[in-house]
Amino acid sequence: MEQTRTYDRLPTPRGTKMQREEGPKACRKSLGPGAEGSSRQQIAGDSRTEPTKRRLQRYVDAVVRWARRKSPWILHYNSGGCNGCDIEILATLTPRYDVERLGILKEGSPRHADILLCTGPVTLQSRDRLRRIYEQMPEPKWVVSVGTCSCSGGVFKGAINVVGSVDQVVPVDMYIPGCPCRPEAIIDGLAQLLRSIE
Amino acid sequence: MNALIKMLIFPGFGFLFIAALAFDWIDRRMIARFHGRVGPPWYQPLADFIKLLAKEDVVAEGTHGLAAAALPIVSLTAVMTASLYIPVGGIVGASFEGDLIVVLFLLALPALAYFLAGWISAGVYSVLGGHRSLLQYFSCEVPFLMAVTCPAILAGSWSINEISNFQAQTAWSALTQPLGFILALIGLIGKLKRDPLDIPKAKSEVVAGPLTDFSGRKLALWHLTMNMQTVLGIFLLVNLFFGGSRFFNRVPALPVFGLKSVAILLMLSTASALYARLRIDQLMDLGWRILAPLALIQILATLWIGG
Ligand code: SF4
C-alpha cells in the first residue's frame, strides 16, 4: 500500500465536533489566496512569493476535491456475512432513500468505483478475493466496513473458517456498526466519509 | 475566424460539451422523478466528469495499451466532427449535399470503437459485452438507417439542413411518417445503448460491458462520448422529423429547437423508466422480424406518396 492510512477515525464517536470541522470548512479556508494562517499556506510559504504554477495547482486541487466529494461511486462486496447487511445496503439504494442526491451510484466494476462497501467477516476463502478487488480499484479509493461483522468479526469471531474483521485484510476508512445497520446509518457514515475526504 | 468560432464554441465543441452535461442531468433527473425521488443536483455530471479525470488510470495486464488510449479519443473525435454538420437552432456549421450520410457514418464509428474496446480488453465480461454490442448494432442500425432515409426521400435531398427547411415549409415528418419516427426513435435507443436496450453493458449480466476494464481519464472520455452522441442523435431527429428550429414556418429560433430536443429526450427517458431490458435474442427478433420490415413498408409508402 502506497498510502499510509490512519485508523484513528474509528475511536472518535461519529458526529462529534472534531470530525465535522475537518470537512468542507477547512477546505474552503485553503481555497482563497488570502486565507493566511491555514496549515497549507504555511507549508507553501508566502502567497506573494508563491509561484503562479503552484497557486494554480491549489485551485485545481480544490476543484478535484469538490468533485470527489460530490461523486462517490460505490462497489459492494460481501466477504462472508449472513446477507442481512447486504439487504440493508440494497435498501439504501432504493428510491425511498434516493442516495443519488449525494451523487452515489452503484457500479458493477471495481475499476469504476471509489468506495468499497464491505459487509460480513472475512472468511479464509474470500480473503484473497477481497484483497484483489481492493487492488483492482484505481486510486484514490476508500473502504467502508458496514455491519458489526465487518468491523470486528461480530458473531463469527473465532470461527475456524474466519480470518476476522475487514481491516485485517484491507485498510478501512469508515466503520458503520450495527447488526444489521439501518440505511440511515449507512447514509450517515458515507456522508461523514465524504466530508473527511482530503 | 467565423469558422473557428463555429467549430470551437457555438455549434461546435463548447456548446456540445455543455449540452451533453445538461442533457445527462435532465435525463437522470427525469428518470428520478419517474421513480418518485428527487434525483441528482445540476452539477452532478460535471462532478462525475472531473472526478473521473482525476482518478488513477489503470491499464490492466493483457490489454492493448495503445489501442485502449486511442479508442475513446477516436470515438470522441468522430462524434465532434459529426456535430459540425448538424444544424442547431437555425445555425449551420457546415453543410453540403450528402452530409446526412457523412453524419450517419461518423455516428457509427463509436459503435465500432466500443466493440473494439471490448475486444482488446483481457476480461471475459468485456469480450462478451463487445460481441453483444456488435449484435445489437446490426439489429438496430438497419431500421434506424432505413427510417432516417424516409424524410430524405420525401425532401429529395441528402442535406440535413435542406430536409429540415423543406419540412418547415410543408409538414413535419413526424406527422406525415409517424411509423418512420417511432422506428428511428427505437433505433436511436439501441444505438445509444440506453436503458431498455442497454444489453451490451447490462450491469447484472456483463458488469459494465466493454468498458469494464477502463478507468480514470479513458472512462471519462467514454462517458462524454456517449453523452455527446445522445445529444447529436436527438438533434438529428429534431432536424429530420420535427422541421429543425422552425415552428410552422415561423422564424428559426434556438428556444424552439431546445424545446423540441427536450421533448425527444423526455421520450427517451420515459422509455428507460418504463420498460425492462430485452434479452439479446429478443432484440434480434424485434430488429429483423418487426422493425426492418416495418421500415421497408415506410420507405415504400414514402416512395409511393412522394415519388
Ligand atoms: S452484522 Fe449482523 S446482519 Fe450484518 S452480516 Fe453480520 S450478522 Fe449479518
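Structure first, text after, so check above.
Since the structure is predicted, the reported quantities are computational estimates derived from the model, not experimental observations.

Caption draft 1: Spatial organisation of the sheet that holds strand E1 (residues 73-78) of chain A. All names here are of chain A. Here five strands make up an open sheet; going across it, the order is E2-E1-E3-E5-E7 and the pairing parallel. The open sheet terminates on both sides in strands that have one partner only, identified here as strand E2 (105-106) and strand E7 (174-176). The pairing of strand E3 (residues 115-119) with strand E5 (residues 142-146) spans five bridges and is parallel. By the bridge assignment for E5, Cys118 is matched with Ser145.

Caption draft 2: Layout of the pairing of E5(A). Residues and elements named next belong to chain A. The buried fraction of E5 is high, at five of five residues. Burial of the side chains of E5 extends over both faces: Trp142, Val144 and Val146 are buried on one face and Val143 and Ser145 on the other. Relative to E7, E5 runs parallel, the two sharing three bridges. Looking at E7, one finds that Ser145 is bridged to Tyr175.

Caption draft 3: Structural view of the environment of B:Thr170. Residue placement: B:Thr170 occurs in the loop between helix H7 (160-169) and helix H8 (173-176). Residues B:Thr170 and B:Gly89, 81 residues apart in the sequence, show an inter-C-alpha distance of 18 Å.

Caption draft 4: Local environment of the pairing of E1(A). Residues and elements named next belong to chain A. Bridge count between E1 and E2: two bridges; the pairing is parallel. In the strand pairing of E2, Trp73 is matched with Leu105. As a crossover connection, the stretch from E1 through helix H5 (residues 84-92) into E2 is right-handed. Judged from the five bridges that link them, E1 and E3 form a sheet pairing that is parallel. What sits directly across from Ile74, in E3, is Ile115.

Caption draft 5: Main features of the site of the ligand. Residue and element names in this part refer to chain A. Taken together, the residues surrounding the ligand are Gly81, Cys82, Gly84, Cys85, Thr148, Cys149, Gly178, Cys179 and Pro180. When contributions to the shell around the ligand are tallied by element, the ones reaching two or more residues are H5 and helix H7 (148-152). Looking at the shell around the ligand residue by residue, the classes come out as five nonpolar, four polar and no charged.

Caption draft 6: Local environment of the interface of chain B and chain A. The interface is formed by 29 residues belonging to chain B together with 26 residues belonging to chain A. Summed over both sides, the interface between chain B and chain A buries roughly 2300 Å², with carbon and sulfur atoms accounting for 58% of that surface. By the criterion of area lost to chain A, the three top residues of chain B are B:Arg37, B:Lys51 and B:Lys55, representing 26% of everything that side buries. Across the chain B-chain A interface, the total number found is six salt bridges. Where B:Lys55 meets A:Asp114, a salt bridge forms, and the shortest distance between an N and an O atom there is 2.7 Å. Counting every contact that joins chain B to chain A gives 19 residue pairs in polar contact (both at pLDDT 80 or more). Contributions of two or more residues to the side of chain B that touches chain A are made by helix H2 (13-35), helix H3 (44-53) and helix H11 (216-241) of chain B. No other element matches H3(B), which puts six residues into the side of chain B that touches chain A.

Caption draft 7: Summary view of unusual backbone geometry. Backbone torsion omega between A:Glu139 and A:Pro140 reads -10°, so that peptide bond is classified as cis. Structurally, A:Pro140 can be placed in the loop between helix H6 (124-136) and E5. Each neighbour pair has its own omega, and for A:Cys179 with A:Pro180 the value is -15°, a cis peptide bond. Looking at the element boundaries, A:Pro180 is found in the loop between E7 and helix H8 (183-195). A positive phi angle, close to 55°, is found at B:Lys193, a residue other than glycine. The topology assignment puts B:Lys193 in the loop between helix H9 (178-192) and helix H10 (203-206).

Basis of the calculations
- Residues numbered from 1 in each chain as written.
- Chains lettered and ligands numbered in written order.
- Predicted model: local features only at pLDDT ≥ 70, side-chain atom pairs only at ≥ 80, totals over all residues.
- Heavy atoms only, no water.
- Pairing = 2+ DSSP bridges.
- Helix = DSSP H or I, 4+ residues; strand = E, 2+ residues; numbered from the N terminus.
- Buried < 20%, exposed > 50% of the residue type's maximum accessible area, 1.4 Å probe, protein only.
- Right-handed = clockwise from strand over helix to strand, strands pointing away.
- Near = heavy atom within 4 Å.
- Nonpolar A, V, L, I, M, F, W, Y, C, P; charged D, E, K, R; others polar.
- Contact = heavy atoms within 4.5 Å.
- Buried area = accessible area lost by both parts, 1.4 Å probe.
- Salt bridge = Lys/Arg side-chain N within 4 Å of Asp/Glu carboxyl O.
- Polar contact = N/O pair within 3.5 Å; in protein donor to acceptor, adjacent residues only side chain to side chain.

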